[in-house]
Amino acid sequence: QVQLVESGGGLVQAGGSLRLSCAASGRTFSTYTMGWFRQAPGKERDFVAAISWAGGLLYYANSVKGRFTISRDNAKKTVYLQMNSLKPEDTAVYYCAKSGGYSYHTASEYDYWGQGTQVTVSS
């Protein structure tokens, strides 16, 4: 069983930064890929970023490439999402998730999800 708890969301002006954290329970955190997704009102849950178990492979959606950075600390069982140069279109609930499959950008491949944290970017 894995539990994921996100934190760090909030309200920020366009151009600002936020750092999201996702704390995981369970003994095998260091063995699986972790991802961040986001969902805006009335829209589907979209892939944002993913990181392999050792942190050597990083994947980003085109919309956030160059602005967001995903990282992890396996000793702390925590994955992070550093978000810079935020835009109003980044406004969404952000979820972290544990991968249970092979397609890092597909939500259905993830088997455990956090409750989400709201990020609001004002113009």
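Our structure's up above, just so we're on the same page.
As the structure is a prediction and not an experimental result, all values here were calculated from the model.

Section: the overall build of the chain
Then comes step 1: On a plain count of helices and strands, the chain comes out with zero helices and 11 strands.
Then comes step 2: Each helix and strand of the chain, ordered N terminal to C terminal, gives the series β-β-β-β-β-β-β-β-β-β-β.
Then comes step 3: Scaling as 2.2 N^0.38, a compact globule of 123 residues should have a C-alpha radius of gyration of about 14 Å, and the chain matches this with 13 Å.
Then comes step 4: Projected onto the principal axes, the alpha-carbon positions of the chain cover approximately 40 × 25 × 25 Å.
Then comes step 5: The 123 residues of the chain split such that 41% are buried.
Then comes step 6: For the chain, the proportion of contacts with a sequence separation of at least 24, taken over those separated by at least 6, is 55%.
Then comes step 7: Total accessible area computed for the chain in this model is approximately 6400 Å², and 48% of it derives from carbon and sulfur atoms.
Then comes step 8: Taken together, the 12 basic and 8 acidic charged side chains of the chain have centroids lying 6 Å from each other.

Side note on the pairing of strand β1 (residues 4-7)
Then comes step 1: The two faces of β1 differ: L4 and E6 on one face are buried, but V5 and S7 on the other face are not.
Then comes step 2: Two elements, β1 and strand β3 (residues 18-24), share four bridges in a ladder whose sense is antiparallel. Bridge assignment links S7 to a residue of β3, and that residue is S21.

Examining the environment of N84
Then comes step 1: With respect to the helices and strands, the residue N84 is situated in the loop between β8 (78-83) and β9 (92-99).
Then comes step 2: Placed 70 residues apart in sequence, N84 and A14 show a C-alpha to C-alpha distance of 9.5 Å.
Then comes step 3: Look past the residues within four positions of N84 in its chain and what remains in contact with it is G16, S17, R67 and F68.

Structural notes on the packing of aromatic side chains
Then comes step 1: The tally for this structure, following the rule as stated, stands at eight aromatic pairs.
Then comes step 2: Judged by centre distance (5.5 Å) and plane angle (65 degrees), the rings of F47 and Y104 are edge-to-face. Separated by 57 residues along the polypeptide, F47 in strand β5 (residues 45-51) and Y104 in the loop between β9 and β10 (110-113) bring together distant segments of the chain.
Then comes step 3: Between the aromatic rings of Y59 and Y104, the centroid separation amounts to 3.8 Å while the plane-to-plane angle is 20 degrees, which identifies the pairing as stacked. Highlighted residues: Y59 in strand β6 (residues 58-60) and Y104 in the loop between β9 and β10, separated in sequence by 45 residues.

Overview of the state of the cysteines
Then comes step 1: In total, this model carries one disulfide according to the counting rule given.
Then comes step 2: C22 shares a disulfide with C96; S-S distance 1.9 Å. Disulfide C22-C96: torsion about the S-S bond near 50 degrees, hence right-handed. Of this pair, C22 sits in strand β3 while C96 is found in strand β9, placing the two residues 74 residues apart along the sequence.

Considering the side chain of R72
Then comes step 1: Mapping R72 onto the fold places it in strand β7 (residues 68-73).
Then comes step 2: We note that R72 is buried and unpaired, the nearest opposite charge coming from D73 at a distance of 8.3 Å.
Then comes step 3: A polar atom in the side chain of R72 sits 2.8 Å from the backbone oxygen of F29.

Reading guide: rules and limits
- Residues numbered from 1 in each chain as written.
- Predicted model: local features only at pLDDT ≥ 70, side-chain atom pairs only at ≥ 80, totals over all residues.
- Heavy atoms only, no water.
- Helix = DSSP H or I, 4+ residues; strand = E, 2+ residues; numbered from the N terminus.
- Rg over C-alpha atoms; globule rule 2.2 N^0.38 Å.
- Buried < 20%, exposed > 50% of the residue type's maximum accessible area, 1.4 Å probe, protein only.
- Contact = heavy atoms within 4.5 Å.
- Areas by Shrake-Rupley, 256 points an atom, 1.4 Å probe, with all protein chains shown as cover.
- Lys, Arg positive; Asp, Glu negative; His and termini not counted.
- Charge placed at Lys NZ, Arg CZ, Asp CG, Glu CD.
- Pairing = 2+ DSSP bridges.
- Phe/Tyr/Trp six-rings, centres within 6.5 Å; stacked < 30°, edge-to-face > 60°.
- Disulfide = S-S within 2.5 Å.
- Salt bridge = Lys/Arg side-chain N within 4 Å of Asp/Glu carboxyl O.
- Polar contact = N/O pair within 3.5 Å; in protein donor to acceptor, adjacent residues only side chain to side chain.

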